[in-house]
Each structure stands twice: as C-alpha cells, then as structure tokens.
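# Descriptive structure summary
So you can see what is in the structure, the chains are spelled out below.
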Amino acid sequence: KMTVFDYLLGNTFVQWVIGVLSFGLTIWLAILLGFNSQGSTILILLVCSLTILSIIAICLILVSFCKNATMVMIVGNFPLFILMFFTGAMIPLPRNEIIAGFALNDILPPTHAVIALNKIFTFGAGFQEIRYELLMLGVLTIIYFSIGIWLFERNHLLKT
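Described below are features of the structure shown in this document. (Residues numbered from 1 in each chain as written. Predicted model: local features only at pLDDT ≥ 70, side-chain atom pairs only at ≥ 80, totals over all residues. Heavy atoms only, no water.)

### What to know about the packing of aromatic side chains
In plain terms, the rule: Only the six-membered ring of Trp is used, alongside the rings of Phe and Tyr, when aromatic pairs are assigned; centres must lie within 6.5 Å, and planes under 30 degrees apart are stacked while those over 60 apart are edge-to-face, with the rest tilted. Runs of H or I in DSSP of at least four residues are treated as helices and runs of E of at least two as strands, each being numbered from the N terminus.
With the rule as written, the count across this model stands at five aromatic pairs. Considering the side-chain rings of Phe81 and Phe85, the 5.8 Å spacing of their centres and the 10° angle between planes classify their relative orientation as stacked. Taken together, the residues Phe81 and Phe85, both in helix α4 (residues 77–86) and four residues apart, mark about one turn of the helix. Ring geometry for Phe85 versus Phe86: centroids 5.0 Å apart, planes at 90°, classification edge-to-face. What links up through ring pairs into an aromatic cluster is the set Phe81, Phe85 and Phe86.

Okay, structure coming up:
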C-alpha cells in the first residue's frame with residue numbers, strides 16, 4: 001500500500017530531475033552564448049537544486065488547497081508570480097528590513113537563491129561565502145515541505 005510519503009517523494013523526485021535538467025540546459029546554453037560565470041557550475045547547480053526543492057514544497061502547499069488540475073493551473077500562477085517578483089529574481093528589490101538582518105521577503109526561499117547566485121556569478125563566491133544562503137534554503141525547504149505534507153494529508157487524504 002502506497003503511503004503519502006511514497007507518493008510525494010516519487011512526485012518530488014520526478015519534478016526535481018526535470019528542474020535540474022532544465023536549469024542545466026539553461027546554463028549550458030548561456031555559456032554557449034557567451035555567459036561567463038565567475039564561480040563554480042557545480043555550486044550553481046547545488047543552489048538551483050535546493051531552490052527547485054523549495055519551489056516544489058511551496059507548490060505542494062498550493063496543491064493542498066486545490067480540488068482539481070484546472071484549479072491548480074488557474075490559481076497556481078499567483079504564488080509563482082509572488083516568488084518571481086518579491087524575491088528579486090525579476091528586478092532587484094531593496095531590502096526593507098523589519099528587524100535587524102531580517103526582511104519580509106526572507107521567508108521566500110528563492111530570495112536566498114538569488115543572493116547566492118549573484119555572489120557566485122559576480123564575485124566567484126565559494127561554498128563558505130554562501131553558507132548562510134544554503135542554510136536558509138535548506139531550513140525553509142524543510143519547513144515548507146512539512147507544512148505542505150500536513151496540508152495535503154489533511155485536505156486530500158483524511159476526507160476519504
């Protein structure tokens with residue numbers, strides 16, 4: 001009998017592989033077109049891999065509130081727009097800190113990915129220089145996955 005964990009792990013793995021391959025192809029094409037990163041491609045793929053997992057976790061939360069695939073397609077664009085715009089991925093945003101060292105958009109995992117990738121691409125940062133961003137990506141991914149699994153079980157599986 002398949003458990004919730006089995007189902008979500010299988011879907012997460014497939015989506016993660018697709019995301020990593022997509023990003024790998026994007027980096028490869030960028031390099032062919034003349035892009036020159038100052039940092040390690042392996043480190044870039046690590047950051048993107050964690051970011052893909054965090055976005056999958058956020059999408060799991062979204063799916064928990066949707067009743068069918070059509071609703072996911074319609075409602076799903078709104079959170080992804082928030083992730084793209086408010087993390088600084090689309091345009092650089094000023095850090096409006098609520099308390100010292102913490103801005104509101106720090107609760108969005110891609111914010112840390114954008115900061116880490118900027119450090120890698122521009123300054124050639126290594127693992128030690130982006131350690132904080134990797135830690136935040138990992139912690140936020142675990143938090144969002146936990147919330148997503150709980151909501152998915154509650155909204156889709158406990159009703160049957």
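### Thoughts on the pattern of salt bridges
Basically, it comes down to this: In what follows, salt bridge is the name for a side-chain nitrogen of Lys or Arg lying within 4 Å of a carboxyl oxygen of Asp or Glu. Only protein chains enter the area calculation, which uses a 1.4 Å probe; residues under 20% of their type maximum are buried, those over 50% are exposed, and those in between are partly exposed.
In the structure shown here, the tally under the stated rule is one salt bridge. Linking Lys119 and Glu133 is a salt bridge whose minimum nitrogen-to-oxygen distance equals 2.9 Å. Here Glu133 lies in helix α6 (residues 131–157) and Lys119 lies in helix α5 (residues 109–123), a separation of 14 residues in the sequence. On the basis of relative accessible area, Lys119 is assigned to the partly exposed category, the value being 26%.

### Side note on a nonpolar patch on the surface
Put simply, the test is: Exposure above 30% relative accessible area and the absence of a salt bridge qualify a residue for a patch, where like charges join within 9 Å and nonpolar side chains (Val, Leu, Ile, Met, Phe, Trp, Tyr) within 5 Å. To measure how exposed things are, a 1.4 Å probe is used in the Shrake-Rupley method; for residues, cover is taken only from the protein chains shown.
A grouping of Phe81, Met84, Phe86, Met90, Ile91 and Leu93 is seen on the molecular surface, where their side chains present a nonpolar patch of about 520 Å² in accessible area. Relative to the elements of secondary structure, Phe86 occurs in helix α4. Using a relative accessible area of 39% as the deciding quantity, one classes Phe86 as partly exposed.

### Points about the state of the cysteines
Let me state the cut-off plainly: By convention in this document, the label disulfide applies to cysteine sulfur atom pairs within 2.5 Å.
Applying the stated criterion across every chain, the model contains zero disulfides. Sulfur of Cys66: no disulfide; nearest cysteine sulfur belongs to Cys59 and is 10 Å away. In this structure Cys66 comes out as buried when scored by relative accessible area, which is 4%.

In short, shape yes, function no, at least from these values alone.
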